[in-house]
Amino acid sequence: MTQPKKPRPAISQADYQRLSEFRYLIRRFLEFSQLQANEAGLTPRQHQALLAIKGYPGGGPVAVGDLAERLRIRHHSAVELVNRLAEAGLVTRDQDKADHRRVLLQLTPLADDHLAELSAAHLDELSRIEPMLRRLLSRQEPVLSADP
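1. Topic: the overall build of the protein chain
Counting its regular elements, the protein chain contains five helices and three strands. Reading the protein chain from its N terminus to its C terminus gives the helix and strand order α-α-β-α-α-β-β-α. Taking as baseline every contact in the protein chain between residues at least 6 positions apart, the subset at least 24 positions apart corresponds to 54%. When the accessible area of the protein chain is evaluated, it comes to approximately 10500 Å², of which 54% is carbon and sulfur surface. Positive and negative side-chain charges of the protein chain, numbering 21 and 19 respectively, have mean locations separated by a distance of 10 Å.

And the structure:
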């Protein structure tokens, strides 16, 4: 026997427009981010990894498994990414003294420099689109196009 469908709230045209505009802003931000990473000589995934390591909650050491979780990728993909980052001189790997199975990652000064430049640009871009995001998330005002 199947469960009856849960009634869903009514979705208005304004709701569809708000969701569409939100996804559009996300896609624009991701495109901006990819271009910035490429201009810095990094792949978008490398930039994401550096940010995940630097911005790890609590600021503690980041293991490869933690990185995989933060990037939502498989462990073996994270290992391959870390190998490429290490070859590029962007991360160092150290064995966890408490658990020798864990490899801990740390950014190099080169990675810190790249990440500082990229993060400044990203914070500027977020400041630029913040009013549009606030308007969309408030659900108070009609949706206007995010095109500049």
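2. Details of the pattern of salt bridges
Per the stated rule, a full pass over the model turns up seven salt bridges. Note that Arg102 is salt-bridged to Asp96, the shortest N-O span being 2.9 Å. The class of Arg102 is partly exposed, set by a relative accessible area of 29%. Ionic pairing is found between Arg101 and Asp99, a salt bridge with its closest N-O pair at 3.0 Å.

3. Examining the pairing of strand β3 (residues 103–107)
Pairing of strand β1 (residues 62–63) with β3, which is carried by two bridges, proceeds in the antiparallel orientation. Along β3, the bridge assignment pairs Ala63 with Leu104.

4. Details of a nonpolar patch on the surface
A contiguous nonpolar surface patch, about 350 Å² in accessible area, is contributed by Phe22, Ile26, Leu30 and Leu137. Examining the composition of the nonpolar patch, we find that three residues originate from one element, helix α1 (residues 13–39), more than from any other. Mapped onto the elements, Leu30 comes out in helix α1.

5. Section: unusual backbone geometry
If you check the backbone angles, Arg72 has positive phi at about 60 degrees while not being a glycine. With respect to the secondary-structure elements, Arg72 resides in the loop between α3 (64–71) and α4 (75–87).

6. Points about the side chain of His122
Here His122 is to be found in helix α5 (residues 109–138). Judged by relative accessible area, His122 falls into the buried class, the value being 8%. In this structure His122 touches Phe29, Phe32, Ser33, Gln36 and His47, once residues within four positions along its chain are discounted.

7. Describing the sheet that holds β3
Pairing is antiparallel across the open sheet formed by three strands, whose spatial order is β1-β3-β2. Pairing within the sheet leaves two strands with one partner each, and these edge strands are β1 and β2 (91–95). Note that β2 and β3 share five bridges and pair antiparallel. Within the sheet, the bridge partner assigned to Val91 lies in β3 and is Leu107. On top of the sheet, helix α2 (residues 44–54) reaches β1, β2 and β3; it is set at about 100 degrees to β3, its chief contact.

8. Comments concerning the layout of surface pockets
Counted as a void, the largest pocket has a volume near 280 Å³. Around the largest pocket sit Phe29, Leu30, Ser33, Gln34, Pro44, His47, Gln48, Leu51, Ser119, His122, Leu123 and Leu126, which together line it. Class assignment for the residues of the lining of the largest pocket results in six nonpolar, six polar and no charged. There is about 210 Å³ of room inside the second largest pocket. Within the residue set of the lining of the second largest pocket, elements represented by two or more residues are α2 and β3. A per-element tally of the lining of the second largest pocket places β3 first, with four residues.

How each quantity is defined
- Residues numbered from 1 in each chain as written.
- Predicted model: local features only at pLDDT ≥ 70, side-chain atom pairs only at ≥ 80, totals over all residues.
- Heavy atoms only, no water.
- Helix = DSSP H or I, 4+ residues; strand = E, 2+ residues; numbered from the N terminus.
- Contact = heavy atoms within 4.5 Å.
- Areas by Shrake-Rupley, 256 points an atom, 1.4 Å probe, with all protein chains shown as cover.
- Lys, Arg positive; Asp, Glu negative; His and termini not counted.
- Charge placed at Lys NZ, Arg CZ, Asp CG, Glu CD.
- Salt bridge = Lys/Arg side-chain N within 4 Å of Asp/Glu carboxyl O.
- Buried < 20%, exposed > 50% of the residue type's maximum accessible area, 1.4 Å probe, protein only.
- Pairing = 2+ DSSP bridges.
- Patch = residues over 30% accessible without salt bridge, like charges linked within 9 Å, V, L, I, M, F, W, Y side chains within 5 Å.
- Axes fitted to C-alpha atoms, helices over the stretch in contact; angles between N-to-C directions.
- 1 Å grid on protein atoms, 1.4 Å probe; cavity = no way out; pocket = protein on both sides within 12 Å on 5 of 7 lines; lining within 4 Å.
- Points joined across faces, edges and corners; volume = space filled by probe spheres on them.
- Nonpolar A, V, L, I, M, F, W, Y, C, P; charged D, E, K, R; others polar.

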